[in-house]
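# Examination of the molecular architecture
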Amino acid sequence: TCKSRFCNSCGVKFAAERAEYLSNAVLNVSHRHVVFTIDERLRVYFKKDRLLLNVLFEAAKDTIFYTFNKMNGKKKTFTPGFILTLHTFGRDLKWNPHIHVLLTEGAMNENSQYKVINYINYEVLRKSFMSSLFRRMREFYANSTKELSELRILLNVIYKEKTNGFYVNAPKMKNKDGKTAVVNYILRYTGRPVMAESRIVDFDYTSGIIHYYYEDHTTEERVEVTEHVIEFMKKLAQHIPEPQFKMIRYCGLYATCDHTH
C-alpha cells in the first residue's frame, strides 16, 4: 500500500485495522455518536490556518467534560471515554470542518465506579461548545491585533444570532451491542476517505470532464456534478491533512496508551 491517509484503498484498510484494535480496547458499554458543527462563516479561519483545527478538538473535549459534570453535580468528577475524529469535508467536497465523537453513555467517578448516563442535555452541549470555541479562538489570535479585532466582531454577530448555540447532534447508536456499535462507527467515520470511488459516474479522458454525484444532506436527494478534473482535484486536495497532524484523538477513559483501566 502507499500508506497514505488520503488514499481510498489505504484509508479503508486503516479503518478496518483500527476497528479491530479498538474493539478490544474500549469499554463494552453503550456509546453515543455526537457531531459538533460550526457556523459557515467561521470555516474560512480553519482553512487559512490549519493549526486552528487543534482548537476545534479542544473545544469539543472541553464541552464533553463540562456537560457530564454539569448534569451530575459540580461536587463530583465524572470522566467519560470518548474518541474524537475530525472531518474537514462535507458530502459536496466543500471545506466543512466538524468533529465526530464516539462517547460512552456513562462515566467513571473518582472512586473508579462506572455510572450509566443515558440523558444528554442538548442545550448545554450546544451553548457550551459555542462558548468554548469562541474563547479558544480569541486566545489563538491573541497576538494578532488586526485578526483578533475582526474575529471579535464576527463572533459577536454569531453569538446574537445563535441564541441556542451551534448545532450539535447526539443520536443513540442503533446497535445495542456496545462493541459491535463501536466497530460499525469506526469503519464508517474513522479513516474514512473524502469520497468513495463508487460516486464517480464517468470520466472523459479526452476533455478531462468528470461526472460524479453526492446526496444532499438536507433533502437527501441525489445531486449530479459535472466539472473539469482539475477543479475536482482541487476540492479533494484541500482535505489532505498536514504532516503528523492527528485526525483521531482519544480522551477521558480512552486517553491512556495501554487502557489498563
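Here's what I pulled together on the structure shown here. (Residues numbered from 1 in each chain as written. Predicted model: local features only at pLDDT ≥ 70, side-chain atom pairs only at ≥ 80, totals over all residues. Heavy atoms only, no water.)

### Details of the overall build of the protein chain
- When helices and strands are tallied, the protein chain shows seven helices and ten strands.
- Residues classed as buried in the protein chain amount to 45% of the 261 residues present.
- The long-range fraction of contacts in the protein chain, counting pairs at least 24 apart against all pairs at least 6 apart in sequence, stands at 70%.
- Just so you have it, the protein chain exposes about 14600 Å², and 52% of that area is on carbon and sulfur atoms. (Helix = DSSP H or I, 4+ residues; strand = E, 2+ residues; numbered from the N terminus. Buried < 20%, exposed > 50% of the residue type's maximum accessible area, 1.4 Å probe, protein only. Contact = heavy atoms within 4.5 Å. Areas by Shrake-Rupley, 256 points an atom, 1.4 Å probe, with all protein chains shown as cover.)

### Structural notes on the nonpolar core
- Ranked by size, the top nonpolar core spans 55 residues in total, and within it Phe36, Leu42, Phe46 and Leu133 carry the most contacts.
- Ranked by residue count, the leading element in this core is helix 3 (residues 53-71), at eight residues.
- Contacts of Phe46, omitting those with residues within four sequence positions, involve Ile38, Leu52, Leu53, Leu56, Trp95, Pro97, Leu133 and Met137. (Core = buried A, V, L, I, M, F, W, Y, C linked by side-chain atoms within 4.5 Å.)

### Looking at the pairing of strand 9 (residues 222-228)
- Where strand 8 (residues 209-215) lies against strand 9, seven bridges are found, and the strand directions are antiparallel. Bridge assignment links Tyr212 to a residue of strand 9, and that residue is Val225.
- Counted between consecutive antiparallel strands, the loop separating strand 8 from strand 9 contains six residues, among which Glu220 sits at a positive phi close to 60°. (Pairing = 2+ DSSP bridges.)

### Remarks on empty space enclosed by the protein
- This model, assessed by the stated rule, comprises two cavities of 30 Å³ or more.
- Its boundaries defined by the atoms lining it, the largest cavity holds a volume of some 60 Å³.
- Forming the walls of the largest cavity are Arg50, Leu53, Thr88, Trp95, Gln238, His239, Ile240, Pro241, Glu242, Phe245 and Met247.
- Within the lining of the largest cavity, the residues separate by chemical class into six nonpolar, three polar and two charged.
- Approximately 40 Å³ is the volume attributed to the second largest cavity.
- The wall of the second largest cavity is formed by Val34, Ile64, Thr67, Phe68, Leu103, Ile120 and Leu125.
- The dominant element in the lining of the second largest cavity, judged by the number of residues it contributes, is helix 3, at three residues.
- For the lining of the second largest cavity, the per-class residue count stands at six nonpolar, one polar and no charged. (1 Å grid on protein atoms, 1.4 Å probe; cavity = no way out; pocket = protein on both sides within 12 Å on 5 of 7 lines; lining within 4 Å. Points joined across faces, edges and corners; volume = space filled by probe spheres on them. Nonpolar A, V, L, I, M, F, W, Y, C, P; charged D, E, K, R; others polar.)

### Brief notes about helix 4 (residues 122-140)
- Here helix 4 is 19 residues long and its end C-alpha atoms lie 27 Å apart, about the 27 Å a rise of 1.5 Å per residue gives.
- Along helix 4, the residues that are buried comprise Val124, Leu125, Ser128, Phe129, Met130, Ser132, Leu133, Phe134 and Met137.
- The N-terminus of helix 4 is capped by Asn121, whose side-chain oxygen sits 3.0 Å from the backbone nitrogen of Glu123. (Expected span 1.5 Å × (residues − 1). Polar contact = N/O pair within 3.5 Å; in protein donor to acceptor, adjacent residues only side chain to side chain.)

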